[in-house]
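Here are the chains, one letter per residue:
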Amino acid sequence: MQFINSLAFAEDLDKQDNLKHFRDKFLIPKHQGKEITYLCGNSLGLQPKNTRTYINQQLDYWENYGVEGWFDGPEPWLAYHQEIKELLSPILGSKPEEVTCMNNLTINLHLLMVSFYQPKGKKYKILMEGGAFPSDQYAVASQVEFRGYHADDAIIEVFPREGEETLRTEDILAIIKKHEDDLALILFGGINYYTGQFFDLKAITQAGHAAGAIVGFDLAHAAGNVPLHLHDWGVDFASWCSYKYMNSSMGGISGIFVHEKHFKTDFQRFAGWWGYKLENRFKMTKGFVPERGAEGWQVSTSPILLMAAHKASLKLFQQAGFENLRAKSIKLTGYLTYLIQQINTALGEEFFTMITPKNADERGCQLSLICKSDGKHIFDELVKHQIIGDWREPNVIRVSPVPFYNTFTEVYYFAETLLKITKILTTYPTNKPTI
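Residues numbered from 1 in each chain as written. Predicted model: local features only at pLDDT ≥ 70, side-chain atom pairs only at ≥ 80, totals over all residues. Heavy atoms only, no water.

## Remarks on the overall build of the protein chain
Then, number 1: For the protein chain, the count of helices and strands is 14 helices and 17 strands.
Then, number 2: At 23 Å, the protein chain has a C-alpha radius of gyration in line with the 22 Å of a compact globule built from 435 residues.
Then, number 3: Out of the 435 residues in the protein chain, the part that is buried amounts to 56%.
Then, number 4: Carbon and sulfur atoms make up 52% of the accessible area of the protein chain, which totals about 19,000 Å².
Then, number 5: Here the protein chain holds 44 positive side-chain charges and 50 negative ones, and the gap between their average locations is 1 Å. (Helix = DSSP H or I, 4+ residues; strand = E, 2+ residues; numbered from the N terminus. Rg over C-alpha atoms; globule rule 2.2 N^0.38 Å. Buried < 20%, exposed > 50% of the residue type's maximum accessible area, 1.4 Å probe, protein only. Areas by Shrake-Rupley, 256 points an atom, 1.4 Å probe, with all protein chains shown as cover. Lys, Arg positive; Asp, Glu negative; His and termini not counted. Charge placed at Lys NZ, Arg CZ, Asp CG, Glu CD.)

Put into structure tokens, the structure is as follows:
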């Protein structure tokens, strides 16, 4: 569509927005009684207004039922995760039995790698994107060292070409092919946290399987953000967090995906009572027998209050329809991309370089901007104007207009303010004023 750089145009887009009423279902932070412009859903999603209701409901059940709440009442806790699986599966493109919610993301990656990283002979190496989120780097390095290998030898990192910021799919696939004789596992992010690049997960999975490797993904920045088809793509396993685009509270519960083709595989795993086959779980017998599906990787008792917060948000996804959220997201980021170009035109140079792919199919909500100079100062001034994004060293501002609660008018205000701040700072290069 043809965008226009005007407040009236942005307001008109908001009027046409079929999802605009969902903003009223979220609690927007305020400063001095005025709502801030929150563009940081890539780091922590905002609180749905129904979260308190869902949590209080479980507190009431605890009060009224005590331990019997596991078996009695309107929503017995023993089966509380079942509806969550049904709500998650359309977001992840999975069958309900292929997913469950448990633990936190890095813990889940460790538990999954215990099963899916099985080095044998020459095939012992793990492929991951260069510049992956540090927790992934630490987890993978500790896993290979636990198995007796050296990280410098066993981990293959794929970096962009010189002078480029994002990875080319053909380069990823070429390196997979190059290492087909020694590759045991591919563990990639779905979206790179720094650049916002959405990788071609289908192509990576196909290439990994052709090389005889297992393929898994960290979907921290992808789940609830971009379309996923984990079952149809044949992905072996995945995990994600729920506190970003799925708005499920600070450090909210994570989840895992295990493809049904592995349900009958006799895996090595770190086991716990909560993953034991449910029909015999309370017989308290020795010898672990896993529940069928992803639930067999569960270890500890479900944290019902965290799951209640998760369920509150997932109900909103069900109401909105993920395809509708994605369509609005593409339009929001498209408008912001256009406005960044307008800012550079007004400044007479490419002061802000967008390192997130321009192709909407290769990104989600997040746009990452490299500032030519004064990036941290510009970011700090944005915060003073009640615009919340986030800063990543050495010179990147990340902003994420989320379709649930952000508006086209907010995107316009961000761009207008960014231009004003940058003009002043570049006018006074040696004596930077407080704006």
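Additional details are given in the paragraphs that follow.
## Topic: the nonpolar core
Then, number 1: Residues Phe-188, Leu-219, Leu-228 and Phe-404 are the most contacted members of the largest nonpolar core, which totals 69 residues.
Then, number 2: For this core, the leading source of residues is helix 11 (residues 304–320), giving eight residues.
Then, number 3: With near-sequence residues (within four places) excluded, Phe-404 lies in contact with Phe-22, Arg-23, Phe-26, Asn-247, Leu-316, Phe-317, Ala-320 and Leu-325.
Then, number 4: Judged by nonpolar contacts, the second largest core, of 35 residues, contains Leu-39, Leu-332, Tyr-338 and Val-399. (Core = buried A, V, L, I, M, F, W, Y, C linked by side-chain atoms within 4.5 Å. Contact = heavy atoms within 4.5 Å.)

## Considering the sheet that holds strand 7 (residues 125–129)
The strands making up a sheet are joined through hydrogen bonds of the backbone, oriented either antiparallel or parallel.
Then, number 1: Ordered in space as 6-12-11-10-9-7-8, the seven strands form an open sheet in which the pairing is mixed. Both edges of this open sheet fall to strand 6 (99–101) and strand 8 (155–158), since each of them pairs with a single strand only. Sheet twist, expressed as the mean angle between neighbouring strand axes with direction ignored, is 15 degrees.
Then, number 2: Where strand 6 lies against strand 12 (residues 255–258), three bridges are found, and the strand directions are antiparallel. When the sheet's bridge partners are listed, Val-99 is paired in strand 12 with Phe-257.
Then, number 3: Its contacts with the sheet place helix 5 (residues 134–146) against strand 7, strand 8, strand 9 (183–189) and strand 10 (214–218), and it is angled at close to 175 degrees to strand 7. (Pairing = 2+ DSSP bridges. Axes fitted to C-alpha atoms, helices over the stretch in contact; angles between N-to-C directions.)

## Some details on the layout of surface pockets
Then, number 1: Here the largest pocket defines a volume of roughly 320 Å³.
Then, number 2: Taken together, 26 residues form the lining of the largest pocket, with Leu-105, Phe-133, Ala-220, His-221 and Lys-244 sitting closest to its centre. (1 Å grid on protein atoms, 1.4 Å probe; cavity = no way out; pocket = protein on both sides within 12 Å on 5 of 7 lines; lining within 4 Å. Points joined across faces, edges and corners; volume = space filled by probe spheres on them.)

## Here's the deal with the environment of Ile-4
Then, number 1: By secondary structure assignment, the location of Ile-4 is in the segment before helix 1 (7–16).
Then, number 2: Once the C-alpha coordinates of Ile-4 and Ile-397 are considered, the two residues, 393 residues apart in sequence, prove to be 24 Å apart.
Then, number 3: Each residue touching Ile-4, except ones within four places of it in the same chain, is listed here: Phe-9, Tyr-335 and Tyr-338.

## Some details on the pattern of salt bridges
Then, number 1: Counting across every chain of the model gives 21 salt bridges.
Then, number 2: Lys-311 is paired through a salt bridge with Glu-83; the nearest N and O atoms lie 2.8 Å apart. Of this pair, Lys-311 sits in helix 11 while Glu-83 sits in helix 3 (residues 80–92); the two residues are 228 residues apart in sequence, bridging distant segments of the chain.
Then, number 3: By relative accessible area, Lys-311 is classed as buried at 3%.
Then, number 4: Measuring nitrogen to oxygen at the nearest pair gives 2.9 Å for the salt bridge that ties Glu-260 to Lys-95. Of this pair, Glu-260 sits in the loop between strand 12 and helix 10 (278–281) while Lys-95 sits in the loop between helix 3 and strand 6, placing them 165 residues apart in sequence.
Then, number 5: Via salt bridges that share partners, Glu-75, Glu-83, Lys-311 and Lys-315 belong to a single interconnected network. (Salt bridge = Lys/Arg side-chain N within 4 Å of Asp/Glu carboxyl O.)

## So, the sheet that holds strand 16 (residues 390–392)
Then, number 1: Read across the sheet, four strands follow the order 13-14-17-16 without closing on themselves; strand pairing throughout is antiparallel. The sheet is open, and its two borders are formed by strand 13 (352–354) and strand 16, each paired with just one other strand. Adjacent strand axes in the sheet meet at a mean angle of 30 degrees, parallel and antiparallel pairs treated alike.
Then, number 2: The sheet contact formed by strand 16 and strand 17 (residues 396–399) spans three bridges and is antiparallel. Within strand 17, the position partnered with Trp-391 by the bridge is Ile-397.

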